[in-house]
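Architecture at a glance
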Amino acid sequence: MASKFQAPRGTFDVLPAAGRARARLQAVATGIFERAGYEMIQTPTFEDTDLFERGVGKSTDIVRKEMFTFEDKGERSLTLRPEGTAPICRAYLEHGMHKQAQPVKLSYVGPFFRHERPQAGRYRQFHQLGIEAIGTDSPLADAEVIMLLSDLLGELGVPGVALRLGSLGSLDARAAYLEELKAHLHRHEGDLTADVRERIDINPLRAFDSDDAGVQGVMASAPTILDALSAEDQEHFDEVRALLDAAGIGYELDGTLVRGIDYYTRTIFSFVCDALGGQSEIGGGGRYDGLIEQLGGPATPAVGWAAGIERILLALDEEEPRRGRDAFVAIADPEQRRRAMALVTELRNAGFSAEMDLAGRGLKGQLKHADRIGAARVLILEAGGTAQLRDMASGEQRAADTGNLLGEMTGGEA
RNA sequence: GUGGCUGUAGCUCAGCUGGUAGAGCUCCUGGUUGUGGUCCAGGCGGUCGGGGGUUCGAGUCCCCUCAGCCACCCCA
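Residues numbered from 1 in each chain as written. Chains lettered and ligands numbered in written order. Predicted model: local features only at pLDDT ≥ 70, side-chain atom pairs only at ≥ 80, totals over all residues. Heavy atoms only, no water.

Core analysis: the largest hydrophobic core is formed by 56 residues, its most contacted members being L129, L152, V158, M219, F269, W305 and I312. Looking at this core, the element that brings in the most residues is helix α5 (residues 139-156), giving nine residues. (Core = buried A, V, L, I, M, F, W, Y, C linked by side-chain atoms within 4.5 Å. Buried < 20%, exposed > 50% of the residue type's maximum accessible area, 1.4 Å probe, protein only. Helix = DSSP H or I, 4+ residues; strand = E, 2+ residues; numbered from the N terminus.)

So, on to the protein's contact with RNA strand B. Lining the immediate surroundings of RNA strand B are 48 residues, of which Q128, R199, G260, R311 and M392 lie closest. Sugar and phosphate atoms constitute 54% of the interface atoms of RNA strand B, taking the interface as everything within 4 Å of the protein. Counting residues per element, the ones that place at least two in the surface near RNA strand B are β6 (125-134), β10 (281-287), β11 (302-308) and α13 (363-372). Sort the elements by how many residues they give to the surface near RNA strand B and α13 lands first, with six residues. Considered class by class, the residues forming the surface near RNA strand B number 15 nonpolar, 14 polar and 19 charged. (Near = heavy atom within 4 Å. Nonpolar A, V, L, I, M, F, W, Y, C, P; charged D, E, K, R; others polar.)

Pairing in this open sheet of three strands is antiparallel, and the strands run β2-β4-β3 from one edge to the other. Of all the strands in the sheet, just β2 (46-48) and β3 (68-71) have a single pairing partner and so form its edges. Pairs of neighbouring strands in the sheet enclose a mean axial angle of 35 degrees, with direction left out of account. Sheet topology places β2 next to strand β4 (residues 77-80); three bridges connect them, and they run antiparallel. Note on β4: the bridge partner recorded for E47 is T79. Packing of helix α2 (residues 49-56) onto the sheet brings it into contact with β2, β3 and β4, and relative to β2 it is tilted by some 80 degrees. (Pairing = 2+ DSSP bridges. Axes fitted to C-alpha atoms, helices over the stretch in contact; angles between N-to-C directions. Contact = heavy atoms within 4.5 Å.)

So, on to the packing of aromatic side chains. Counted according to the given criterion, the structure contains eight aromatic pairs. Plain terms: the ring middles of F33 and W305 are 6.0 Å apart, the flat faces sit at 55 degrees to each other, and that makes the pair tilted. A residue pair is termed long-range when its members are at least 10 positions apart, and F33 in helix α1 (residues 16-36) and W305 in strand β11 qualify at 272 residues. Among the residues examined, F33 registers a relative accessible area of 5% and is labelled buried. Residue classification places W305 among the buried positions, given a relative accessible area of 2%. Connected via pairs of aromatic rings, a cluster forms that spans Y108, F112 and F126. Across from the ring centre of F112, 4.2 Å away, lies the NZ or CZ of R81, which sits over that ring. (Phe/Tyr/Trp six-rings, centres within 6.5 Å; stacked < 30°, edge-to-face > 60°. Lys NZ or Arg CZ within 6 Å of the ring centre and 35° of its normal.)

Encoded structure:
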């Protein structure tokens, strides 16, 4: 360790080599969002702690043990945002966006914070991008939002992606279902493993994921949430499925799908990637028809998702190559320094990417550097004011008129 | 938060049963007093993650701690 300082646990530096892949991801996402009419919104990095306690849910792991919470000098309890949907709903209410044409379609990208034990694909400061369609309960919105995430992953070329789809029904139906499931588990406690038994009342849905044969036997006869949907919820879900089918988006129906946030209702979905290890969900979301009301606003249905930038990048596992420069201006004679600077500026103003030596290298070093940064051509300024234009790929070099530099650059493609 | 594995130059790694650190790549310079990508030579660069202990002596042994990874947990 060269320095005694390290990036804090679970955080990381994005160096230029990795930054290029992130930039591409963002550019692709921005294009998709803009074409679909989802406009960028930015909210603060921290919010009132209460916003997350009420929005995300006090009993969730996120609120109970993963938030970075602190007091400011006015003794306000603030929390580094662990997710993006509650803040956006807060902004929607605060700025009266319900008066705009509905639905309000928003997109976002930025850092989020959760105090978890770090692992590959799981960080304490991580980045998500996502979209929300607020103000409609139409299944069309559910389908649109899912299709956009599918498009994003497809356009990026993320391998091994699968979509899991489920429905939680209304909050009431879900609560009733969970009681029914717990009762079922309690009836068969004798066949459960100790860890599953301990979690019956905390997270009974987890029992569906057990590898234990005894537990699996119990779960085979367990009711699923999909059996417990109301007629309306069932109809809504059927329509979402029909729309995805019509769009040719494949999915796996999953009656045991779980979300870690309390605000979800009806449609939920998760995109998983088998190229990842333990943290295999690369994006997910669902409908949250009760959240805005929960935050003190009018009943407002909404649907959206978030995707993990680090996880997508991990799944892609690609280095974006560095783009070369159009030109490098080298000086064979120190007297030409000022002219070099003027010529580099002229090139840049004309739209070319151009660099010159800033390190005092000899001509050989400058050529070497030009090669290293991928310069297509090198303009060598000679003593007395003459110049040579060298094509780095072919090695061909000819006299050039610096008074007509742009002409020299565009013409005579060597 | 629990358990396990790992931690030596910027990067990838070597260093046997303890005797005060090495290679390749990168970078810089020279071979070519004005010309890159190959080659050759030289150089820069490490308090061996950090702290403490055992020992005449520790990168090598012990303890603590920090960080990464894996599983659990959870989720993006």
